[in-house]
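One-letter residues, chain by chain:
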Amino acid sequence: TLSLYLAGKHRQALRTNRTRCLTHGYKVRAFDPLAHRNEVEFIHLSMPDRQGKKMDYCRLDDLQQAHDFGADYLGVFAPSGELVACACTPICGQAALQLTFIGHPDHLINGVMYALHVDVVERAIMHGAQWLTYEGFFGQREGMRYYLARCGYSPANVTWRIAQDS
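Residues numbered from 1 in each chain as written. Predicted model: local features only at pLDDT ≥ 70, side-chain atom pairs only at ≥ 80, totals over all residues. Heavy atoms only, no water.

Student: Just give me the short version of the environment of Ile91, but keep the residues and values in it.
Tutor: Tracing the backbone through its elements, the reader meets Ile91 in strand E6 (residues 91-92). In this structure, the C-alpha to C-alpha distance between Ile91 and Arg123, residues 32 residues apart in sequence, is 9.2 Å. For Ile91, the contacting residues outside a window of four places in its chain are Ala96, Ala124, His127 and Ala129. (Helix = DSSP H or I, 4+ residues; strand = E, 2+ residues; numbered from the N terminus. Contact = heavy atoms within 4.5 Å.)

Student: Outline helix H2 (residues 12-23), listing residues and values.
Tutor: Here H2 contains 12 residues, and its C-alpha end-to-end distance of 16 Å stays within 8% of the 16 Å for a straight helix at 1.5 Å per residue. Inspection of H2 places Ala13, Leu14, Asn17 and Cys21 among the buried residues, and these make up the whole buried set. Projected onto a plane normal to the axis of H2, the buried residues spread over an arc of 100 degrees and lie on a single side. Buried residues along H2 sit against helix H1 (2-6), strand E4 (73-77), helix H5 (112-126) and helix H6 (142-150). Two residues or fewer past H2, Gly25 is found with a positive phi of approximately 95 degrees. (Expected span 1.5 Å × (residues − 1). Buried < 20%, exposed > 50% of the residue type's maximum accessible area, 1.4 Å probe, protein only. Arc of directions from axis to C-beta.)

Student: Can you lay out the sheet that holds strand E1 (residues 27-30) for me, pointing to particular residues and giving the numbers?
Tutor: With antiparallel pairing, 4 strands are arranged side by side in an open sheet as E1-E4-E5-E8. This sheet does not close on itself; its edge strands, each paired only once, are E1 and strand E8 (100-103). When the angles between neighbouring strand axes are averaged without regard to direction, this sheet yields 20 degrees. Pairing of strand E5 (residues 83-88) with E8 involves 4 bridges; the strand directions are antiparallel. Looking at E8, one finds that Cys86 is bridged to Ile102. (Pairing = 2+ DSSP bridges. Axes fitted to C-alpha atoms, helices over the stretch in contact; angles between N-to-C directions.)

Student: Just give me the short version of the sheet that holds strand E9 (residues 131-134), but keep the residues and values in it.
Tutor: Strand order in the open sheet formed by 3 strands is E6-E7-E9, and the pairing between neighbours is mixed. Edge positions in the sheet fall to E6 and E9, since each has one partner strand and no second. Note that E6 and strand E7 (residues 95-98) share 2 bridges and pair antiparallel. The residue of E7 that forms the bridge with Ile91 is Ala96. Contacting E6, E7 and E9, H5 runs over the sheet at an angle of about 140 degrees to E9.

Here it is as structure tokens:
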């Protein structure tokens, strides 16, 4: 359950940052990425690079594909109503796959990514996911690895198998 995930001293920073975000009037909710296409693009392009990768474009066709696939998008909305962070995390069986997890740098200090992460975890649990994946723990810079560790991510080797119908 979500309360078990958030329990304990090792999740204190996650709880504190989430509370700060919500106290500042931010709201986390599902949203239609196509209706917020310009805001999603603005978030993507709000930094010249992320984790060493140049961010000179936003693959807007990915929004359409994810929308057509039925993937859930969760967003953090500032008190002004502006979308400032978003996540696309489709549930595939027992795994929730973090395809997009990005926020505007001006709002990170307010804990928006922590609040978003908690809602992603809650939604994954509600849909029966046992695992939440984030691409490339070791490929991230030190700050991102620190954040991921605070959220409970740890590196793992995974072998995927396709179950055969009998």
